[in-house]
Amino acid sequence: DGQIDNQRGALVVLEGLDRSGKTSQCNGLLSFLEGLGFSVESWRFPDRKTGVGEMISSYLANKSQLDDRAIHLLFSANRWEKRSLMESKLKSGTTLIVDRYSYSGVAFSSAKGLDIDWCKAPEIGLLAPDLVLYLDIPPEKAADRGGYGVEKYEQLEFQQKVSQHYQILRDDTWQIIDACLPMEDVEKQVRELVLDCVTACRNGKPLSQLWL
Ligand code: TMP
């Protein structure tokens with residue numbers, strides 16, 4: 001219809017512990033929405049392809065060491081360097097499915113003992129997600145799923161702390177999904193929630209900013 005140019009895309013974020021199934025759900029959502037004819041892209045943070053992303057990647061692979069606050073700010077900078085592209089995509093009608101965002105940034109760093117308000121500060125002014133799908137899984141179960149890889153943070157004790165810190169960040173954009181359900185059930189819930197969100201954004205729900 002004639003209004004199509006004014007209809008913005010939705011910013012949908014998937015969050016959860018390592019091995020919670022986020023990446024599979026992101027892939028599934030992408031093809032589902034494409035199949036319905038929506039303009040949609042799948043993104044992830046960290047975006048390891050930028051210069052900042054390469055530094056993050058080397059840190060995660062234990063190939064370099066960084067102060068806890070320094071790596072926190074790099075993760076945040078990695079989102080800031082994509083902010084304007086994110087905004088223009090959304091405004092031109094493209095829905096973004098994003099694997100991890102500021103909630104990972106704050107949950108992982110505050111789980112190391114950094115002050116939560118200090119962790120949130122550099123995220124202020126980034127675009128706020130329209131919907132956060134939190135794939136909820138007990139850390140022990142996530143660890144059982146083929147085990148963790150070799151990257152930093154992929155250890156049960158640390159994931160338990162991260163899980164607790166995620167809970168503090170819940171707000172009214174969050175939907176908690178039981179990630180222990182069969183994958184098709186998770187997928188069904190995810191699809192319904194995302195379709196509602198995409199519709200609300202097309203109907204004029206305004207874009208907002210994080211943590212203001
Ligand atoms: P990935 O496995 O989804 O690529 O994420 C890499 C790791 O980085 C994962 O353990 C979560 C962590 N992380 C942060 O600590 N801060 C952040 O801001 C993001 C996006 C991820």
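**Section: the state of the cysteines**
No. 1: Applying the stated criterion across every chain, the model contains 0 disulfides.
No. 2: Looking at the unpaired Cys 26, the closest cysteine sulfur is the one in Cys 197, lying at 14 Å.

**Section: the pattern of salt bridges**
No. 1: This structure, assessed with the given rule, holds 13 salt bridges.
No. 2: Salt-bridge contacts for Glu 87 lead to Lys 91; the nearest nitrogen and oxygen are separated by 2.6 Å. One end of the pair is Glu 87 and the other is Lys 91, both in helix H4 (residues 83-91) and 4 residues apart, which spans about a single turn.
No. 3: When its relative accessible area of 21% is taken as the criterion, Glu 87 is described as partly exposed.
No. 4: Residues Lys 205 and Asp 130 are paired through a salt bridge, measuring 2.7 Å at the closest nitrogen-oxygen approach.

**Quick word on the site of the ligand**
No. 1: Lining the immediate surroundings of the ligand are 13 residues, of which Arg 48, Phe 75, Arg 79, Arg 100 and Gly 105 lie closest.
No. 2: Measuring from an oxygen atom of the ligand, one finds a side-chain N or O atom of Arg 79 at 2.8 Å.
No. 3: Within the backbone of Gly 105, a nitrogen or oxygen atom sits 3.3 Å from an oxygen atom of the ligand.
No. 4: Bound to the protein, the ligand loses 94% of the 480 Å² it would expose on its own.
No. 5: Those elements that place two or more of their residues in the shell around the ligand are helix H3 (68-80) and helix H5 (102-111).
No. 6: In terms of residues, the shell around the ligand owes the most to one element, H5, which gives 3 residues.

**Remarks on the side chain of His 165**
No. 1: By secondary structure assignment, the location of His 165 is in helix H8 (residues 156-169).
No. 2: At 2.8 Å, the side chain of His 165 forms a polar contact with the backbone oxygen of Lys 161.
No. 3: The contacts of His 165, once residues within four sequence positions are left out, are Ala 107, Ser 110 and Ala 111.

**What to know about the pairing of strand E1 (residues 11-16)**
No. 1: Counting buried positions over the 6 residues of E1 gives 6, a clear majority of the element.
No. 2: Along E1, one buried face is formed by Leu 11, Val 13 and Glu 15 and the opposite face, lined by Val 12, Leu 14 and Gly 16, is buried too.
No. 3: Direction of pairing for E1 relative to strand E3 (residues 95-99): parallel, over a ladder of 4 bridges. Across the sheet, Val 12 pairs through a bridge with Ile 97, a residue of E3.
No. 4: In this structure, E1 lies alongside strand E4 (residues 131-136), joined through 5 bridges in parallel fashion. The partner of Gly 16 across the bridge, within E4, is Leu 135.

Parameters and conventions
Residues numbered from 1 in each chain as written. Predicted model: local features only at pLDDT ≥ 70, side-chain atom pairs only at ≥ 80, totals over all residues. Heavy atoms only, no water. Disulfide = S-S within 2.5 Å. Salt bridge = Lys/Arg side-chain N within 4 Å of Asp/Glu carboxyl O. Helix = DSSP H or I, 4+ residues; strand = E, 2+ residues; numbered from the N terminus. Buried < 20%, exposed > 50% of the residue type's maximum accessible area, 1.4 Å probe, protein only. Near = heavy atom within 4 Å. Polar contact = N/O pair within 3.5 Å; in protein donor to acceptor, adjacent residues only side chain to side chain. Areas by Shrake-Rupley, 256 points an atom, 1.4 Å probe, with all protein chains shown as cover. Contact = heavy atoms within 4.5 Å. Pairing = 2+ DSSP bridges.

Coordinates in, geometry out; function isn't part of it.
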